[in-house]
Amino acid sequence: MENWITEFIGEHGYFAVLSLLLIENLFPPIPSEIILTFSGYATGFTTMTRMGVIIAATIGAVVGAMILYSVGLLVDVARLEKFVDRWGRWLRLSRKDLRRAEKWFEKYGPWTVFFCRLVPLLRSLISVPAGMAHMNFLLFITLTTIGSLIWNTILVTIGFAVGENWESIVHYMDVYSNIVYALLVIGGIAVCIGYIRFRRKRA
C-alpha cells in the first residue's frame, strides 16, 4: 500500500493528497501518516508546496468528516431507542443509558471532536457520534478543520524537515498508533467492567 500511495501522490499531486485524506477518513486503516509525511517530503522535489499540501489534506479530511457526520444523523437517538427497546435486555442497555450518553456528549462533545482529530482511528470515528448527537454543524466543521489543520501541518512539516528519512517518521507514528490502540482497548475493557459492576449494584 505504501508504494501505491507514494506513486499516486507523485503522479497526481494535490488531487491525490485531497482524495487520499478523504478516503482515509472513511476507511481509517489507510494511514494518513504515510500520506502526509511523504507529501511533506515531496514538496522538496515537486511543484507542490507545503501550504498547498496542508490545504488539500485539510479539505479532504473535512469532506470525509462531513460524510461520516451525515451517517451519524441517519442513526439518531430515536432509532437507537427502538433498537434498545427490542434488544436492550440482551445487551443490558436501557433508554436511560442512552440519554446519559447523549448528555455526556452534549457536555463534552466539542472538546472530544477537537482532540480526537489528533488521535489515530478516533480521528475518523468521532464524526459519527457527533452526527448522532446532532452537534451544531458549524461548530463541528470549525473544530474538525482546526484539529485536522494542526495534525496535517505537524506531519507535513516533519516530512519536509526529515527529507529522505520520512519513512523513519512513519515507524515512530506506527508506535504512537499502537500505543493509542492499546490504550483504547484497555479503556474499553475498563469501561465495560465498570458498567457491569454499576448495573449489578443497581440491580
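These notes cover the structure that comes with them. Predicted model, so just to flag it, every value in this text is computed and none were measured. (Residues numbered from 1 in each chain as written. Predicted model: local features only at pLDDT ≥ 70, side-chain atom pairs only at ≥ 80, totals over all residues. Heavy atoms only, no water.)

Looking only at helices and strands, one finds 9 helices and 0 strands in the protein chain. Tracing the protein chain from N to C terminus, the helices and strands come up as α-α-α-α-α-α-α-α-α. The proportion of buried residues among the 203 residues of the protein chain is 41%. Contacts spanning at least 24 positions in sequence make up 76% of the contacts within the protein chain whose residues lie at least 6 apart. (Helix = DSSP H or I, 4+ residues; strand = E, 2+ residues; numbered from the N terminus. Buried < 20%, exposed > 50% of the residue type's maximum accessible area, 1.4 Å probe, protein only. Contact = heavy atoms within 4.5 Å.)

The next point concerns the environment of Val156. Relative to the assigned elements, Val156 resides in helix α8 (residues 137-162). Spatially, the C-alpha atom of Val156 lies 4.2 Å from that of Gly40, the residues being 116 residues apart in sequence.

Its location among the elements puts Val53 in helix α3 (residues 50-74). Taking relative accessible area as the criterion, Val53 reaches 0% and is therefore assigned buried. A C-alpha to C-alpha distance of 9.5 Å links Val53 and Phe15, two positions 38 residues apart in sequence. Setting aside its immediate chain neighbours within four residues, Val53 contacts Tyr14, Val17, Ser39, Thr43, Met48 and Val156.

Relative orientation of the contacting elements α3 and α8 amounts to 140°, with a least axis distance of 8 Å. Judged on the interaxial angle alone, α8 and α3 are oblique. Remark: the crossing between α3 and α8 carries right-handed chirality. Of the residues in α8, those touching α3 at Arg50, Val53, Ile54, Ala57, Thr58, Ala61, Val62, Ala65, Met66 and Tyr69 are Phe137, Phe140, Ile141, Thr144, Thr145, Ser148, Leu149, Asn152, Thr153, Val156 and Phe160. Residues that form the contact of α3 with α8 fall into these classes: 14 nonpolar, 6 polar and 1 charged. (Axes fitted to C-alpha atoms, helices over the stretch in contact; angles between N-to-C directions. Parallel < 35°, antiparallel > 145°, perpendicular 65-115°, else oblique. Left-handed = near helix turned anticlockwise from the far one by under 90°. Nonpolar A, V, L, I, M, F, W, Y, C, P; charged D, E, K, R; others polar.)

Two aromatic rings are characterised by how far apart their centres lie and by the angle between their planes. Considering all chains together, one arrives at 6 aromatic pairs under this definition. Here the aromatic residues Phe38, Tyr41 and Phe45 are joined through ring pairs into a cluster of three or more. We note Arg50 situated over the ring of Phe160; from NZ or CZ to the ring centre the distance is 3.9 Å. (Phe/Tyr/Trp six-rings, centres within 6.5 Å; stacked < 30°, edge-to-face > 60°. Lys NZ or Arg CZ within 6 Å of the ring centre and 35° of its normal.)

As for its placement among the helices and strands, Thr144 is situated in helix α8. Not counting residues within four places of it along the chain, the set of residues in contact with Thr144 comprises Val62, Ala65, Val113 and Arg117.

This paragraph deals with α8. For α8, which comprises 26 residues, the first-to-last C-alpha distance of 37 Å matches the rise-based estimate of 38 Å (1.5 Å per residue) to within 8%. Those residues of α8 that sit buried are Phe140, Ile141, Leu143, Thr144, Gly147, Ser148, Trp151, Asn152, Leu155, Val156 and Gly159. Here α8 starts with a cap whose side-chain oxygen sits 3.1 Å from the backbone nitrogen of Leu138, and that cap is Asn136. Backbone geometry just after α8 places Gly163 at a positive phi near 60°. (Expected span 1.5 Å × (residues − 1). Polar contact = N/O pair within 3.5 Å; in protein donor to acceptor, adjacent residues only side chain to side chain.)

Turning to the nonpolar core, a few remarks are in order. Most often, soluble globular proteins have nonpolar side chains that are buried together. Counting residues in hydrophobic clusters, the biggest one holds 21 residues, and the most contacted among them are Ile9, Val17 and Leu36. Only α1 (2-26), α2 (32-42), α3 and α8 provide two or more residues apiece to this core. Ranked by residues supplied to this core, first place goes to α1 with 7 residues. Filtering out sequence-adjacent residues up to four positions away, Val17 remains in contact with Ile9, Ser39, Met48, Val53, Ala56 and Ala57. (Core = buried A, V, L, I, M, F, W, Y, C linked by side-chain atoms within 4.5 Å.)

For His134, which is not a glycine, the phi torsion comes out positive at approximately 55°. Note on placement: His134 falls in the loop between α7 (127-132) and α8.

A separate point is the packing of α2 against α8. For any two helices packed against each other, one specifies the crossing angle of their axes together with the interaxial distance. At a closest axis distance of 6 Å, the pairing of α2 and α8 adopts a crossing angle of 50°. Here α2 is positioned oblique relative to α8, judged by the angle of their axes. Seen from above, α2 lies across α8 with right-handed handedness. Between α2, through Ser32, Glu33, Leu36, Thr37, Gly40 and Tyr41, and α8, the contact on the second element is made entirely by Trp151, Asn152, Leu155, Val156, Gly159 and Phe160.

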